[in-house]
Amino acid sequence: MTAEEWVGKLTTSSSLPPAQLRTEETIDHLITAAMGHVRTDHAHARMLATAAAKLARSLAVPRAMGRAQRMLGHVRLLAGRSAQAVAYYEAAWEHFHEDPLEQSHTAVAMIQALAYVGNYDRAFSVAGQALATYREHRDTFRAARIEANLGNILHRLDRHEEAQAHFQRALPVLAEHQAEADLAIVMRNYGVVLMGLQKYVEADAMYEQARTVFAASSQTLLLYEIDLNRAFLHGRQGRMRQALSQYRSLQDQLPAESGFEIGHCLLDQADFLLETGFTADALAVAGRAAQVFEGLKARFELGKAALLQARAQIRRNEREPARANIALARRNLRNEPSANWRALLHQTQSELHELAGEKGRALRQIQLAADCGPSQERMPLIQRMVFGLALETGHMDRAEKALAAHPEPDLRAQFLRETGREKEALGAAREALAAYDALRGRADSIGLRRAAAASQSNALRECFRTLHDPAERLAVAARLKDQTLAEIIRFPESRADLRIDTGPADEEDLAAKQREASRLHPHEQVLNYTLPTLPPNHRFIEFFTDRDEVYAFVIEGLGVREYSLGAAERFRDEGRFFHLHRLRDSDHGLRLTLKALTRISELMMPVLARAPKNITIGRDQALMGLPIHALPYLDGYLSDHYDVTYAPSASVWASLRACTHTPRQGAALIGAADSLAPQIEQEIAEVSQALGTEPSPNLAAFESQAEEARILHIAAHGIVREDQPMFSAMVIGHEKWTVFDVLQLRLHADLAVMSGCSTGISLTGETLDSQGFI
């Protein structure tokens, strides 16, 4: 029997080979076989490596013992057991104390394991020694692998520029040696760094190349990691729907035993979900990441997961769970050299204190975050928080210092206003508006424009508070209200279907289609904010809420007047009172309902009096659920005296009026009956007969017909997503038709019927868009 034959038949690590095979050659065969199985069959690889270690001990040959220990380190590292891997690597390092070259071979993977357990000083020391040895021996290939792993460590520490330099030195050498597997893994890791540097196109190219290699070699786990990373990349590019769709398609494929890379992808996913407002989903994903890192005993990553959970809980006003997770994060992050994560820890503590009304403590924590020296990407938000809290707590000197570090025009406007320099404040506010318009003009996708509107919300509100002229203040309100909807309506020809074909397709064509689909219009087509032109006998009333005060801008003729209608809470109270009693089937309930409507009418009388025949209401959050047309007015109701219509805002209304309408013919209808709603089947049959049109067999067919139809009819279960209204959906069989899906179509229908629960609910998101199916 040969050594190779014995290794092939081995089923347990407990037995030694026959005496004639107890040689270093057999150990080499065991290690080679283990390396061949290490990514595909972890249990078998571990058994082979353990057998090699047992045989090496029986021979008492240091070199053989070192190679076997190193192989055990590889097995444990790829299983996510970094602490165990480090122990094996350190043992191998000692066995090779007289052989610097073998020590260097050990260092290639050892430095990664050392980074995972937070021993960065040892990792850099080992890497430096290995690089010197390889350069002395002119081994450029292994030196490149050390460079790549140094890049991984520096990325982990958020030192992206330094990481990029190491990857750029490693990649050409690995390519020259045609080391496809190593090259693909380095490309994947380099892609993450490029994302951190906001070089998204280059990152996507790296992922695409790596994915091709992993697919060719059937590396399913690495393919899964790449797909998770690309979902995160789509989110960073503003392709929100595409990112969320990809995350959800990958969700059920999560491996039972997830290692570090999958755990890191889950952290990225939780971070993305937090940014996009899916707080409950972010909390669940961060919890799953915490489970992964708890099993791996990875303190740094466990601290990150706890911190992300805390941030989600703060947004849900769950203070005690957030406090517990902050404490857990503090224990795990306090010894880490990553300035970004230490800063984020203090920032999260500041947010918790602010939620509890503890402004002084919040200021101390956010100042500590600034003192950590985080990256330039994170520092602007921290300085804004320092400035705002310092101003609120009367620390004008600290506010002025934060302003000097981050001299944004909206902050200058606020500071100048607070210090009584009104004229200078007006100039700064107008400068802030110009900067905002330029920012949105550079964003070439709907997602990025929405993100810009959300991120600049506080800046715009400061401009609103600083400016005095009603037309200028209305223009600021327009920037905050329904900006995205207005763009979609105004530029419908720019939209394209974002969905990916499930059938065969050329990958380059598909990638080009996705890139094109994400684009809106270049910067010269940003909406202007001049007053809309109203027809004769028409009044537009634009409502807007700031600092719990309801303002109304009355647009009529060529001018605009501004009114303050009082506290928004009064409108909300009357609205709750109205909805509480409107469904009571009694005279008393009717009297209380009319009483609530009468009080609302009194609050709104200044903007309703002496109106022309036509009134259009631009809704806002505080008045969203109020039937303004049904308010008591003179001897009847408002709709008895005026033609009342509604619009999300003046900008959307003006965009709709600017659209040209091409008459269409025919109808498209679809329905999905089930045991909960069996009569949908009868409904669709009757509508089909009335319209003379057969129902669509599936959602794809319906969408293809809908763009040319004059009438649309959809009968199905409706689901409202209050956390993200744009993902409210009609459930059609096993498919969901979301608001986002609607926005990808070029619809020209005169009538659209949504026959299902919750389709009439109108909700507002972070940019105040009216985001339901309405």
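Fair warning: this is a prediction, and the values are worked out from it, not measured in the lab.

Asks: Please give an account of the environment of Gln347 that cites residues and values.
Replies: Inspection of the secondary structure puts Gln347 in helix α18 (residues 339-355). Separated by 16 residues in sequence, Gln347 and Leu363 have C-alpha atoms that sit 9.6 Å apart. Among all residues touching Gln347, those that are not within four sequence positions of it are Arg311, Ile366, Ala369, Leu381, Ile382 and Met385.

Asks: For the sheet that holds strand β12 (residues 735-738), give the residues involved together with the corresponding values.
Replies: Pairing is antiparallel in the open sheet, where 3 strands are placed in the order β10-β11-β12. Looking at the sheet topology across the chains shown, the edges are occupied by β10 (717-719) and β12. Ignoring which end each strand starts from, the neighbouring axes of this sheet average 30° apart. In the sheet, β10 pairs with strand β11 (residues 729-732) via 3 bridges, with the strands oriented antiparallel. Opposite His717, over in β11, you have Val731 as the bridge partner. Together, β11 and β12 form the strand contacts of helix α34 (residues 699-706), whose direction differs from that of β12 by roughly 30°.

Asks: Break down unusual backbone geometry for me, with residues and values.
Replies: We note that Asp548 has phi near 65°; this positive angle belongs to a residue other than glycine. Inspection of the secondary structure assignment puts Asp548 in the loop between β1 (538-546) and β2 (549-556). On the basis of relative accessible area, Asp548 is assigned to the partly exposed category, the value being 33%.

Asks: Tell me about the pattern of salt bridges, and please be specific about residues and values.
Replies: Scanning the entire structure with this criterion turns up 36 salt bridges. Residues Glu147 and Arg169 are paired through a salt bridge, measuring 3.2 Å at the closest nitrogen-oxygen approach. Here Glu147, found in helix α8 (residues 140-156), pairs with Arg169, found in helix α9 (residues 160-176); they are 22 residues apart in sequence, far enough to count as distant. Across the pair Lys359 and Glu354 runs a salt bridge whose closest N-O atoms are separated by 3.6 Å. Residue class for Lys359 comes out partly exposed when judged on its relative accessible area of 26%. Among the residues examined, Glu354 registers a relative accessible area of 29% and is labelled partly exposed. Each of the salt bridges in this network shares a partner with another, and the network as a whole consists of Arg417, Arg461, Glu462, Arg465 and Asp546.

Asks: Give a detailed account of a positive patch on the surface, specifying residues and quantitative values.
Replies: Among the surface-exposed residues, Arg299, Arg330, Arg331 and Arg334 lie close enough to one another that they form a single positively charged patch. Structurally, Arg334 is set in the loop between α17 (319-333) and α18. Since its relative accessible area comes to 57%, Arg334 is described here as exposed.

Asks: Give me the lowdown on the sheet that holds β1, citing residues and values where you can.
Replies: Taken in spatial order, the 5 strands line up as β3-β2-β1-β4-β7 in an open sheet, and their pairing is mixed. Edge strands, defined here as strands with exactly one partner in the open sheet, are β3 (559-567) and β7 (643-647). The mean angle between the axes of side-by-side strands here comes to 20°, regardless of whether they run parallel or antiparallel. Bridge count for β2 against β3 is 8 bridges, and the pairing is antiparallel. Residue Val554 lies in a different strand from β3, and its bridge partner there is Arg561. Strands β1, β2 and β3 of the sheet are contacted by helix α30 (residues 587-608), whose axis makes an angle of about 130° with β1.

Asks: I'd like to hear about the pairing of β1, residue by residue, with values.
Replies: Where burial is concerned, most of β1 is hidden: 9 out of the 9 residues are buried. Burial of the side chains of β1 extends over both faces: His538, Phe540, Glu542, Phe544 and Asp546 are buried on one face and Arg539, Ile541, Phe543 and Thr545 on the other. Where β1 and strand β4 (residues 614-618) come together, 5 bridges link them in parallel fashion. Residue pairing in the sheet places Arg539 in a bridge with Ile615 of β4. Pairing of β1 with β2 involves 8 bridges; the strand directions are antiparallel. Pairing of Phe543 across the sheet is with Ala552, part of β2.

Asks: Now, about the side chain of Thr26: what can you tell me, with residues and values included?
Replies: In this fold, Thr26 is placed in helix α2 (residues 24-37). Classification of Thr26 by relative accessible area gives buried; the value is 0%. Ignoring sequence-local partners within four residues, the contact set of Thr26 consists of Ala3, Trp6, Val7, Pro17, Leu21 and Leu55.

Asks: Lay out helix α15 (residues 279-296) in plain terms, naming residues and giving numbers.
Replies: With 18 residues, α15 extends 26 Å from end C-alpha to end C-alpha; this agrees with the ideal 26 Å at 1.5 Å per step. Contacts from the buried residues of α15 go to α14 (260-275) and α16 (299-315). Lys297 occupies a position one or two residues after α15 and carries a positive phi of about 55°.

Asks: Explain helix α26 (residues 470-480) to me, and be specific about the residues and the numbers.
Replies: Of all 11 residues that make up α26, 8 are buried, and the element is covered over most of its length. Of the residues that open α26, the one with a side-chain oxygen 3.1 Å from the backbone nitrogen of Ala471 is Asp469.

Asks: Please give an account of the nonpolar core that cites residues and values.
Replies: Ile146, Phe214, Phe293, Phe702, Ile714, Ile732 and Trp737 are the most contacted members of the largest nonpolar core, which totals 123 residues. Here this core takes 10 residues from helix α10 (residues 180-196), the largest share from any one element. Counting residues in hydrophobic clusters, the runner-up holds 28 residues, among them Val554, Phe578, Ile617 and Val644.

Asks: Tell me what's going on with the packing of helix α20 (residues 379-392) against helix α22 (residues 409-418), and back it up with residues and numbers.
Replies: Packing of α20 against α22 brings their axes to within 11 Å, and their N-to-C directions diverge by 10°. Viewed along their axes, α20 and α22 adopt a mutual orientation that is roughly parallel. Judged by residue contacts, Arg384, Phe387 and Leu391 of α20 engage Asp410, Leu411, Gln414, Phe415 and Glu418 from α22.

Asks: Describe the environment of Ala752, listing the residues and the values that go with them.
Replies: Residue position: Ala752 is located in strand β13 (residues 751-755). Along the backbone, Ala752 and Ala709 are 43 residues apart, and their C-alpha atoms lie at a distance of 9.8 Å.

The rules behind the values
- Numbering of residues starts from 1 in every chain and runs along the sequence as written.
- Under the rules for a predicted model, residues below a pLDDT of 70 receive no local features and side-chain atom pairs below 80 are neither given nor counted, while totals for whole chains, interfaces and linings still include all residues.
- To obtain the side-chain values, all non-hydrogen atoms of the structure were included, while hydrogens and water were left out.
- A run of H or I in DSSP counts as a helix once it spans at least four residues, and a run of E counts as a strand once it spans at least two, with each numbered from the N terminus.
- Note on definitions: a residue-residue contact is assigned when non-hydrogen atoms from the two residues lie within 4.5 Å.
- In this description, strands pair whenever DSSP reports at least two bridges between them.
- Axes here mean lines fitted to C-alpha atoms, for a helix over just the part in contact, with angles spanning 0 to 180 degrees between N-to-C directions.
- In this scheme, a residue with accessible area under 20% of its type's maximum is buried, one over 50% is exposed, and one in between is partly exposed, where area comes from a 1.4 Å probe on protein chains only.
- Salt bridge, as applied in this entry: a Lys or Arg side-chain nitrogen positioned within 4 Å of an Asp or Glu carboxyl oxygen.
- Grouping into patches uses exposed residues only, defined as over 30% relative accessible area, and leaves out salt-bridged ones; the cut-off is 9 Å for like charges and 5 Å for nonpolar side chains (Val, Leu, Ile, Met, Phe, Trp, Tyr).
- Each accessible area value is a Shrake-Rupley result obtained with a 1.4 Å probe; residue values ignore everything except the protein chains displayed when judging cover.
- For the charge count, each Lys or Arg is scored as positive and each Asp or Glu as negative, with His and the chain ends excluded.
- A single reference atom marks each charge: NZ on Lys, CZ on Arg, CG on Asp, CD on Glu.
- What a helix should span is 1.5 Å times the count of its residues minus one.
- Two N or O atoms form a polar contact when they lie within 3.5 Å of each other; inside protein one atom must be a possible hydrogen donor and the other a possible acceptor, and for residues adjacent in sequence the pair counts only when both atoms belong to side chains.
- Here, nonpolar core refers to any group of buried Ala, Val, Leu, Ile, Met, Phe, Trp, Tyr and Cys residues whose side-chain atoms link them within 4.5 Å.
- Our angle categories are set so that under 35 degrees counts as roughly parallel, over 145 as roughly antiparallel, 65 to 115 as roughly perpendicular, and the remainder as oblique.

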